[in-house]
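Survey of secondary and tertiary structure
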Amino acid sequence: MITAMNTLPIYFKPILWSYYFSDCDPVKMKKTIISQSLNYGSTKHWKWIKSFYGQNEVLSIFSSLPKTEIKEKTKKLAELYFS
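To keep things clear, this report deals only with the structure shown in the data block. (Residues numbered from 1 in each chain as written. Predicted model: local features only at pLDDT ≥ 70, side-chain atom pairs only at ≥ 80, totals over all residues. Heavy atoms only, no water.)

Let us now look at the overall build of the protein chain. If you tally the helices and strands in the protein chain, you get four helices and zero strands. Relative to the compact-globule value of 12 Å for 83 residues, the protein chain shows a C-alpha radius of gyration of 12 Å, a close match. Taking the principal axes of the C-alpha coordinates as reference, the protein chain spans close to 30 × 25 × 20 Å. Within the span of the protein chain, comprising 83 residues, buried residues form 39% of the whole. As presented, the protein chain carries roughly 5400 Å² of accessible surface, and 58% of it is formed by carbon and sulfur atoms. (Helix = DSSP H or I, 4+ residues; strand = E, 2+ residues; numbered from the N terminus. Rg over C-alpha atoms; globule rule 2.2 N^0.38 Å. Buried < 20%, exposed > 50% of the residue type's maximum accessible area, 1.4 Å probe, protein only. Areas by Shrake-Rupley, 256 points an atom, 1.4 Å probe, with all protein chains shown as cover.)

Turning to the side chain of Ser-37, a few remarks are in order. The residue Ser-37 is located in helix H1 (residues 30–40) in this model. Aside from chain neighbours lying at most four places away, what touches Ser-37 is Phe-12, Ile-15, His-45, Trp-46 and Ile-49. (Contact = heavy atoms within 4.5 Å.)

With that out of the way, let us pick up the nonpolar core. Formed by 22 residues in total, the largest nonpolar core has its most connected members in Leu-8, Phe-12, Leu-16, Ile-33, Leu-38, Ile-49 and Tyr-53. Taken together, the elements giving at least two residues each to this core come down to H1, helix H2 (43–53), helix H3 (55–64) and helix H4 (72–82). A per-element tally of this core places H2 first, with five residues. Setting aside anything within four residues of it in sequence, one finds Leu-8 in contact with Leu-16, Phe-21, Cys-24, Pro-26, Ile-33 and Trp-48. (Core = buried A, V, L, I, M, F, W, Y, C linked by side-chain atoms within 4.5 Å.)

Set out below in structure tokens:
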């Protein structure tokens, strides 16, 4: 669920290394934040995206990503975690 406080926790900074972290808006950058979290995040990131966006939204974004955008070893775990 998207809250009024649209800020990312600081622990997202390392997985968003190619962006200006202070400009990262979790609403506007939803797809990027979800894909970066799936590929490079820890369970802490996964729990946050699940609670912030909701399981259905994360699963919807995950399902819409090109097959090459998510690491192969991550796909199976993400399917289990978010299904």
